[in-house]
Amino acid sequence: MDGRDGMRAADADREAVAERLRVALNEGRLDLHEYDERLQRAYAARTYGELDQLLTDLPPVTPAQRSALVPEPAAEMPVASAGGPSAVGMDGSTARWMAGVWLPYLRVVAIVVTIWAVTSLLSAELLYFWPIWVAGPWGAVLVVRTVAGLSGGEPRRQALERERRRQRKRAKRERRRELGPTEPDNSQHPTPPT
């Protein structure tokens, strides 16, 4: 073990390794399970040697260099800084992610409040507002999920994954077009005359 490997790592070093692991996840070099394991080990690491072990099978990253295996996307997604306007602003990917998180909640709450209102009207008295037991806990969980998702860049991650899927579908369609329409070959199995 050389001197550097045994030296204590700082929080900034752990953050740099965690960021490199996030990049590897976004590039498809790590699956979610392996990313989670390595991320836990990164934050628990005490020395540079422990941190270096997490990155040994990953290629180094240079900002101007991209993987030669992945085609360059038409338009790169904007990178949202933790405190920048894109992180909190409602760009398309953030709005789509927020809708995916909150719309089921709003629909269910609307239904239970409507049921409560109809039963209150039919009984001719104001009943106990029981929908709060549906809306309150679920809403609190969604607030935590929203804050964690926005601060962790979840909308951007989902937008990048959606774009990757589109590119794969587009490439698949292009390969099919290149192969041309395939017609069944009836020469080996001729249909009998009737």
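Given the structure is predicted, the values throughout are model-derived calculations rather than measurements.

## Comments concerning the overall build of the protein
The helix and strand tally for the protein stands at 8 helices and 0 strands. Taken from the N to the C terminus, the helices and strands of the protein come in the order α-α-α-α-α-α-α-α. Sequence-distant contacts, at least 24 apart, represent 61% of the contacts inside the protein between residues at least 6 apart. For the protein, the computed accessible surface area is about 14400 Å², with 61% contributed by carbon and sulfur atoms.

## Section: the confidence of the model for the protein
In this model, the protein carries a mean pLDDT of 80, and residues with pLDDT of at least 70 account for 76%. Between residues 67-89, whose pLDDT stays under 50, and residues either more than four places distant or in other chains, the model counts 19 contacts.

## Describing helix H8 (residues 154-179)
Its 26 residues place the ends of H8 38 Å apart at the C-alpha level, agreeing with the 38 Å of an ideal helix rising 1.5 Å per residue. Taken together, the buried positions of H8 are Pro-155, Ala-159, Leu-160, Arg-162 and Gln-167. Where H8 is buried, its residues meet helix H6 (92-123) and helix H7 (132-152). Two residues or fewer after H8 comes Gly-180, characterised by a positive phi angle close to 80°.

## Looking at the packing of H6 against H7
At their nearest, the axes of H6 and H7 sit 11 Å apart, and the two run at 180° to each other. In terms of their interaxial angle, H6 and H7 are classed as roughly antiparallel. Between H6 and H7, the residues in contact are Thr-94, Trp-97, Met-98, Val-101, Trp-102, Pro-104, Tyr-105, Val-108, Val-109 and Val-112 and Val-134, Ala-135, Trp-138, Gly-139, Leu-142, Val-143, Arg-145, Thr-146, Gly-149 and Leu-150, respectively. Its residues assigned to classes, the contact of H6 with H7 comprises 15 nonpolar, 4 polar and 1 charged.

## Some remarks on the nonpolar core
One finds Val-17, Leu-21, Leu-30, Tyr-35, Ala-42 and Leu-51 to be the most contacted residues of the largest nonpolar core, which totals 14 residues. Counting residues per element, the ones that place at least two in this core are helix H2 (11-27) and helix H3 (32-44). A per-element tally of this core places H2 first, with 5 residues. Sequence-distant contacts of Val-17, defined by excluding residues within four places in its chain, comprise Ala-42, Leu-51, Leu-54 and Leu-55. Counting 8 residues, the second-largest nonpolar core is a separate cluster that includes Trp-97, Val-109, Ala-135 and Leu-142.

## Some details on the packing of aromatic side chains
If you walk through the whole model with that rule in mind, you get 3 aromatic pairs. When the ring of Trp-102 is compared with that of Tyr-105, the centres are 5.4 Å apart and the planes differ by 85°; the resulting orientation is edge-to-face. Of this pair, Trp-102 and Tyr-105 both sit in helix H6, 3 residues apart, roughly one helical turn. Note on accessibility: Trp-102 and Tyr-105 belong to one class, buried. Given a relative accessible area of 12%, Tyr-105 falls into the buried group.

## Brief notes about a nonpolar patch on the surface
On the surface, Ile-111, Ile-115, Tyr-128, Phe-129, Trp-130, Ile-132 and Trp-133 cluster together into a nonpolar patch covering about 770 Å² of accessible area. Sorting the residues of the nonpolar patch by element identifies H6 and H7 as the ones contributing at least two each. Mapping Ile-115 onto the fold places it in helix H6. What makes Ile-115 partly exposed here is its relative accessible area of 41%.

## Concerning the pattern of salt bridges
Here the structure, examined in full by the defined rule, presents 11 salt bridges. Salt-bridge contacts for Glu-27 lead to Arg-29; the nearest nitrogen and oxygen are separated by 2.7 Å. For Arg-29, a relative accessible area of 36% gives the class partly exposed. Arg-38 is paired through a salt bridge with Glu-34; the nearest N and O atoms lie 2.8 Å apart. Highlighted residues: Arg-38 and Glu-34, both in helix H3, separated by 4 residues, approximately one helical turn. What makes Arg-38 buried here is its relative accessible area of 8%.

Quick notes on the rules
- Residues numbered from 1 in each chain as written.
- Predicted model: local features only at pLDDT ≥ 70, side-chain atom pairs only at ≥ 80, totals over all residues.
- Heavy atoms only, no water.
- Helix = DSSP H or I, 4+ residues; strand = E, 2+ residues; numbered from the N terminus.
- Contact = heavy atoms within 4.5 Å.
- Areas by Shrake-Rupley, 256 points an atom, 1.4 Å probe, with all protein chains shown as cover.
- pLDDT = per-residue confidence, 0-100.
- Expected span 1.5 Å × (residues − 1).
- Buried < 20%, exposed > 50% of the residue type's maximum accessible area, 1.4 Å probe, protein only.
- Axes fitted to C-alpha atoms, helices over the stretch in contact; angles between N-to-C directions.
- Parallel < 35°, antiparallel > 145°, perpendicular 65-115°, else oblique.
- Nonpolar A, V, L, I, M, F, W, Y, C, P; charged D, E, K, R; others polar.
- Core = buried A, V, L, I, M, F, W, Y, C linked by side-chain atoms within 4.5 Å.
- Phe/Tyr/Trp six-rings, centres within 6.5 Å; stacked < 30°, edge-to-face > 60°.
- Patch = residues over 30% accessible without salt bridge, like charges linked within 9 Å, V, L, I, M, F, W, Y side chains within 5 Å.
- Salt bridge = Lys/Arg side-chain N within 4 Å of Asp/Glu carboxyl O.

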